[in-house]
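Read off the chains here:
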Amino acid sequence: MEHYANQPSGVFPSVCSLDCPDQCGLLVHKKDGKIVKIEGDPNHPVTRGAICNKVRNMTARIYDPKRLSYPLKRVGVKGEGKFERISWDEAIETIAARWKELIRSEGPESILPYSFYGNMGRLSAESMDRRFFHRLGASRLEQTICNAAGTKGYEYTMGGSFGTDPEDTIHAKLIIMWGINAVSTNMHQVALAEKARKNGAQVVVIDVHKNQTGRWADWFIPIMPGTDSALALCIMHVLFAENMVDEDFLRQYTVGHEELREHVKRYEPAAVSAITGVPVEDIVRLARMYGQVSPSFIRIGNGLQHHDNGGMCVRTIACLPALTGQWLKKGGGAIKGNGGYLRFNKQALQRPDLRADNQARLINMNQLGDALLELDPPVRSLFVYSSNPAVVAPEANKVRRGLARDDLFTVVHDMFLTETAMYADLVLPATSSFENTDFYTSYWHHYIQLQRPVIPPYGESRSNVEVFRLLAKAMGFDEQAFQDTEEELIRQALSNHRNPYLEGIDYETLVEKQYVKANVKPLFPGRLPTPSGKIELYSERMEREGYPPLPTYVPLAEAEDGDYPYWFIPAPNHNFLNSTFSHQDKHVQLEKMPRLHMNAADAARAGINNGDKVRVWNERGECELVAAVGENVLPGVVVSQGLWADMTGTKRLVNALTPDRLADMGGGATFFSGRVNVAKA
Ligand SMILES: Nc1nc2c(c(=O)[nH]1)N[C@H]1C(S)=C(S)[C@@H](COP(=O)(O)OP(=O)(O)OC[C@H]3O[C@@H](n4cnc5c(=O)[nH]c(N)nc54)[C@H](O)[C@@H]3O)O[C@H]1N2
Ligand SMILES: Nc1nc2c(c(=O)[nH]1)N[C@H]1C(S)=C(S)[C@@H](COP(=O)(O)OP(=O)(O)OC[C@H]3O[C@@H](n4cnc5c(=O)[nH]c(N)nc54)[C@H](O)[C@@H]3O)O[C@H]1N2
Ligand code: SF4
Ligand SMILES: [Mo]
């Protein structure tokens, strides 16, 4: 397996490890033992050789002189950034000694792992680490920061993460990008839509911000934040009222269409226009378009579910393709996430059976601040890997107060001295994905891919799998589960998975083919994994779980008439990936500066000109951004882009302003449901 890494020069296949739906196939060019160029692999059936600028500039990150190459121990105050080099032996022994002591004095739940998908590799993100923390008996982390609300909402309607095959979307005649900034965040869906467009498809974008995706659309529909479910319900209203629904499909494959037909009568265009800010004639035009053009495809984004009502919003939009029978059309339907098709054997990979006490407390990662400041019994030790919560988690000021606690023993494993690492007692250097063996399953396309090490580990860095193997040894965990090699882990994940879509795909297939497609079949005719086996327009399960059983518009939680006149949407940007790349000069230069998009009428009223430095604040915190005044957002809405580095009190920490309330479903995040005030700085 090590053979690529040992070859000084050549071109080697690889996979992009970033948390991005496209999961591109890569070709890594090496010269004299170092990566000199990264490009797309033209042999990848979906990504076809095209990759984003972020990853074309990836070498700047891999060989960034700021990259960590040995373990560090803190010698200054937390947050100050004073560290001293130590050996791996000392680092591992220190952690094991502290944890043994904590387990004795306060129990294993005083230890909290905090991780996300900084590396999407399944071994990196959820294998040895899970085994280790299960065996340890640590508190469990609810990994809800990204798509939890929408995934749950979609599941209520469709039974799981099953949608259209993106490769089929070239056949669509109408493509709706709904709350997704696809030009930046799912570029190959845009490439596929371009193909469809050449065959006459129209592209509609529904967003609160006319960003690059809105500018690319044939028709951009601006909408007020958190009101998309009202719009979707009004589309249903028109579809039923004007007999544009597919009655046969509704009868055969859905439950509750009669109830829904009655229920949506109340969502009249005039009322919904007042809620959404979308003119009546546009709502009706969109509904008729959706009722008449076929195949139609909806790409449901992550943006619109980062709201108080995000789960219900996605649940509602997910009902639309059923009304017009789109699931029977090649390229028709919707994608929220397609992870269901590539579901492997998680039990075997993560080994929850190693946990003696299955009741260990669950801590929602969106409420890290509270977890560190208020939980009783307290969290005494935090182990952060593949995530940068000091920047990405909401209520960032609370998070930093928590991280600053003197009695909290914090370890951070990362490639860089991130803002979170600045608060660590110990910092461990992580390999990049190009240094690891791993396997990848996309949450958008249907391919599973193998990653083999292309270069040797940078300095003394170690992979996540290796770190947890070392920790297991130091803790005295002698189960075989902690000895398994990477190859064995992959084999375990791909066996006994009971997923028909993965049948016949094993380690050998991956080695031979590099990219292997799941055996996907159209969803219909067929049975969905919902309780009824059908698309649940009316969901008894939701009713039992305390939700309205029919799709419903629920307004956002913060009052519109308070001290804060604007909805604040701090979205990701084009050249970073969440906070990843925010420390690379090249990527920062491309992005220039953190802007705040504002409507010209609002700006005029507040005496703000384009390019002014503005203070943005609410009761949670403040930051300073640069006003971008124009017509790209509706009045009453301000939008920033990017999770900018915030090392030195640069006041660019947009999450200082975001709420840590949980969304309606799945314990999801509500980054985009907060309100702020804005004034010239
Ligand atoms: N370049 C780049 N690519 C990325 C990322 C990145 O940071 N940078 N992040 C990756 C990750 S982890 C994820 S989860 C995905 C996220 O990618 P997307 O699914 O595109 O989600 P966001 O970019 O968060 O938001 C999408 C859009 O939702 C809009 N929006 C916000 N609120 C609402 C609303 O109430 N209604 C509507 N209609 N629109 C709304 C925002 O203005 C934004 O344009 O991208 C991945 N890819
Ligand atoms: N305001 C606002 N906040 C948001 C969002 C938003 O749209 N707006 N989006 C949210 C979303 S959707 C998400 S998914 C989260 C993402 O939040 P995070 O998952 O924290 O994502 P990143 O900021 O990219 O940080 C990933 C870190 O993992 C490190 N890393 C990469 N590979 C490895 C590895 O193999 N091992 C180890 N140990 N470390 C590694 C990287 O160096 C980087 O520091 O942010 C959320 N925060
Ligand atoms: S970040 Fe996304 S678009 Fe860019 S190379 Fe990786 S998978 Fe492809
Ligand atoms: Mo995400």
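Numbers given to residues run from 1 along each chain, matching the order in which its sequence is written. Lettering for chains starts from A, numbering for ligands starts from 1, and both go in the order in which the items are written. Reporting in this predicted model follows two pLDDT cut-offs: at least 70 for local features of residues, and 80 or more for side-chain atom pairs to be given and counted; totals over whole chains, interfaces and linings ignore these cut-offs and use all residues. Note that the side-chain values use all heavy atoms of the structure and ignore hydrogens as well as water.

Per an unreviewed UniProt entry, the protein goes by the name Oxidoreductase and belongs to Brevibacillus aydinogluensis. UniProt positions are given in the numbering used here, feature names are shortened, and annotations may be inferred rather than shown by experiment. Its UniProt record gives the protein the following Sequence similarities (unreviewed entry) comment, quoted word for word: "Belongs to the prokaryotic molybdopterin-containing oxidoreductase family."

K.L.:
Can you break down the overall build of the protein residue by residue, with the values?
P.N.:
A count of helices and strands for the protein gives 27 helices and 27 strands. The reference for a compact globule is 2.2 Å times residues^0.38; the radius of gyration itself is calculated from the C-alpha atoms. Compactness check: the protein gives a C-alpha radius of gyration of 25 Å against a globular reference of 26 Å for 681 residues, within 12% of the reference. In terms of its C-alpha atoms, the protein occupies a principal-axis envelope of roughly 70 × 60 × 50 Å. When burial is assessed residue by residue, the protein has 63% of its 681 residues classed as buried. Residue pairs in contact within the protein that sit at least 24 positions apart in sequence constitute 76% of those at least 6 positions apart. Taken as a whole, the protein presents about 24,500 Å² of accessible surface, with 49% of it coming from carbon and sulfur. In DSSP terms, a helix is any run of H or I states spanning at least four residues, a strand is any run of E spanning at least two, and both are numbered starting from the N terminus. Relative accessibility decides the category of a residue: with a 1.4 Å probe and only protein chains considered, values under 20% of the type maximum give buried, values over 50% give exposed, and everything between is partly exposed. Any two residues having at least one pair of non-hydrogen atoms within 4.5 Å are treated as being in contact. The accessible surface values rely on the Shrake-Rupley method and a 1.4 Å probe; as for residues, cover is taken only from the protein chains in view.

K.L.:
How would you sum up the UniProt feature "domain: 4Fe-4S Mo/W bis-MGD-type" (unreviewed entry) in the protein? Please name residues and give values.
P.N.:
The sites that UniProt annotates as "domain: 4Fe-4S Mo/W bis-MGD-type" (unreviewed entry) are residues 9–66. Within the segment residues 9–66, helix and strand shares are 14% and 34% respectively, and the terminal C-alpha atoms sit 25 Å apart.

K.L.:
Please set out the domain arrangement of the protein residue by residue, giving values where relevant.
P.N.:
Domain boundaries assigned for the protein yield domain 1 (4–61), domain 2 (72–143 + 343–447 + 457–517), domain 3 (149–336 + 526–544) and domain 4 (558–680). Boundaries between domains were set according to an automatic or database domain assignment. In this structure, domain 1 and domain 3 have C-alpha centres spaced 34 Å apart. With twelve residues of domain 1 in contact, the opposing surface of domain 3 contributes nine residues. Buried surface area refers to the total accessible area, computed with a probe of radius 1.4 Å, that the two partners give up upon joining, counted for both partners together. Taking both partners together, domain 1 and domain 3 bury about 700 Å²; carbon and sulfur atoms supply 55% of that area. The largest per-residue losses of area from domain 1 upon contact with domain 3 belong to Pro 21, Asp 22 and Val 46, which jointly make up 58% of the total buried on that side. Salt bridges are defined by distance alone: a side-chain nitrogen of Lys or Arg within 4 Å of a carboxyl oxygen of Asp or Glu. The interface formed by domain 1 and domain 3 includes zero salt bridges. Residues adjacent in sequence count toward polar contacts only when both atoms are side-chain atoms; beyond that, a polar contact is any pair of N or O atoms within 3.5 Å, and within protein one must be able to donate a hydrogen and the other to accept it. Scanning the region where domain 1 abuts domain 3 turns up five residue pairs in polar contact (both at pLDDT 80 or more).

K.L.:
Talk me through the sheet that holds strand β8 (residues 174–178); I want residue IDs and the actual numbers.
P.N.:
Strand pairing requires that DSSP identify at least two bridges connecting the strands. With respect to topology, five strands assemble into an open sheet ordered β10-β9-β8-β12-β13, the strand pairing being parallel. Strand pairing shows two members of the sheet lacking a second neighbour, β10 (219–222) and β13 (333–335), which therefore form its edges. Within this sheet the neighbouring strands show an average axis-to-axis angle of 15 degrees, counted without direction. Sheet topology places strand β9 (residues 202–207) next to β10; four bridges connect them, and they run parallel. Residue pairing for β10: Ile 206 is matched across the bridge by Ile 221. Every axis corresponds to a line fitted to the C-alpha atoms, with the helix fit spanning only the stretch in contact, and the corresponding angles, defined between N-to-C directions, vary from 0 to 180 degrees. The sheet strands contacting helix α11 (residues 228–241) are β8 and β9, and the helix crosses β8 at an angle near 155 degrees.

K.L.:
So what's going on with the packing of α11 against helix α16 (residues 310–317)? Which residues, and what values?
P.N.:
Between α11 and α16, the shortest axis-to-axis distance is 8 Å and the interhelical angle comes to 25 degrees. Considering the angle they form, α11 stands roughly parallel to α16. Both α11 and α16 take part in a crossing whose hand is left-handed. Seen from α11, the contacting residues are Asp 228, Ser 229, Ala 232, Leu 233 and Met 236; seen from α16, they are Cys 313, Thr 316 and Ile 317. Roughly parallel refers to an angle under 35 degrees, roughly antiparallel to one over 145, roughly perpendicular to one between 65 and 115, and oblique to any angle outside these ranges. Throughout, a crossing is termed right-handed when the near helix is turned clockwise from the far one, and left-handed when it is turned anticlockwise from it by less than a right angle.

K.L.:
Go over the pattern of salt bridges with me, naming the residues and quoting the values.
P.N.:
The full count for this structure, using the stated rule, is 47 salt bridges. Between Lys 152 and Glu 155 there is a salt bridge; the shortest N-O distance is 3.7 Å. With Lys 152 and Glu 155 both in helix α7 (residues 148–158) and three residues apart, this pair spans about one turn of that helix. Exposure remark for Lys 152: the relative accessible area of 22% places this residue in the partly exposed category. Between Glu 486 and Arg 469 there is a salt bridge, with the nearest N and O atoms lying 2.9 Å from each other. Separated by 17 residues along the polypeptide, Glu 486 in helix α23 (residues 486–493) and Arg 469 in helix α22 (residues 464–475) bring together distant segments of the chain. Here Glu 486 falls in the buried class, since its relative accessible area comes to 19%.

K.L.:
Please set out the site of ligand 1 residue by residue, giving values where relevant.
P.N.:
For this purpose, a residue is taken to be near a molecule or strand whenever a single non-hydrogen atom of the residue falls within 4 Å of it. The immediate surroundings of ligand 1 are formed by 31 residues, with Thr 185, Asp 207, Asp 228, Phe 576 and Asn 578 found nearest. At 2.7 Å from an oxygen atom of ligand 1 is found a side-chain nitrogen or oxygen belonging to Thr 185. For ligand 1, whose accessible area on its own is 910 Å², the fraction buried by protein is 96%. Contributing elements (two or more residues each) for the shell around ligand 1: α8 (182–185) and β9. Note on residue classes: Ala, Val, Leu, Ile, Met, Phe, Trp, Tyr, Cys and Pro are nonpolar, Asp, Glu, Lys and Arg are charged, and everything else, Gly too, is polar. Looking at the shell around ligand 1 residue by residue, the class counts come to 13 nonpolar, 14 polar and four charged. For the shell around ligand 1, the domains that each give at least three residues are domain 3 (149–336 + 526–544) and domain 4 (558–680).

K.L.:
I'd like a description of the site of ligand 3, backed by residues and values.
P.N.:
Neighbouring ligand 3 are Cys 16, Leu 18, Cys 20, Asp 22, Gln 23, Cys 24, Ile 51, Cys 52, Lys 54, Val 55 and Met 187. Looking at the shell around ligand 3, its residues break down into eight nonpolar, one polar and two charged.

K.L.:
How would you sum up α23? Please name residues and give values.
P.N.:
Listing the buried residues of α23 in full gives Glu 486, Leu 489, Ile 490 and Ala 493. Projected down its long axis, α23 shows its buried positions confined to an angular sector of 95 degrees, all on one face. Each C-beta atom gives one direction from the helix axis, and the arc is the one those directions make.

K.L.:
Mind laying out empty space enclosed by the protein, listing which residues take part and the relevant values?
P.N.:
A cavity here means a set of 1 Å grid points, computed over protein atoms only, where a 1.4 Å probe fits but cannot escape. A pocket is an open set with protein on both sides within 12 Å along at least 5 of 7 lines, and lining residues have an atom within 4 Å of a point. Grid points are joined across faces, edges and corners, and a volume is the space filled by probe spheres set on the points. Within this structure, the stated rule accounts for one cavity of 30 Å³ or more. Of the volumes computed, that of the largest cavity is approximately 30 Å³. In terms of lining residues, the largest cavity is bounded by Leu 123, Ser 124, Asn 436, Thr 437, Asp 438, Ser 463, Val 465 and Glu 486.

K.L.:
Explain helix α6 (residues 128–136) residue by residue, including any values.
P.N.:
Residues three or four positions apart in an α-helix share a direction because the helix packs 3.6 residues into each turn. Buried residues dominate α6, accounting for eight of its nine residues. Taken residue by residue, α6 has Met 128, Asp 129, Arg 130, Arg 131, Phe 132, Phe 133, His 134 and Leu 136 as its buried positions. Note on α6: the residue one or two positions beyond its end, Gly 137, has a positive phi of about 85 degrees.

K.L.:
Just give me the short version of the sheet that holds strand β16 (residues 409–414), but keep the residues and values in it.
P.N.:
Pairing in this open sheet of six strands is mixed, and the strands run β5-β4-β17-β16-β15-β6 from one edge to the other. Only two strands of the sheet have a single neighbouring strand rather than two, namely β5 (83–85) and β6 (111–115). Ignoring strand direction, the axes of neighbouring strands in this sheet form an average angle of 20 degrees. As paired elements, strand β4 (residues 72–74) and β5 share three bridges and run antiparallel to each other. Along β5, the bridge assignment pairs Arg 74 with Phe 83.

K.L.:
If you had to explain unusual backbone geometry to someone new, which residues and values would you point to?
P.N.:
Cis geometry is adopted by the peptide bond preceding Pro 377, which originates at Asp 376 and carries an omega value of -5 degrees. Note that Pro 377 resides in the loop between α19 (368–373) and β15 (381–385). Each neighbour pair has its own omega, and for Phe 524 with Pro 525 the value is -5 degrees, a cis peptide bond. Inspection of the secondary structure puts Pro 525 in the loop between β20 (515–517) and β21 (535–536). Look at Phe 581: it is not a glycine, yet its phi comes out positive at around 80 degrees. Residue position: Phe 581 is located in the loop between β22 (566–571) and α26 (585–591).

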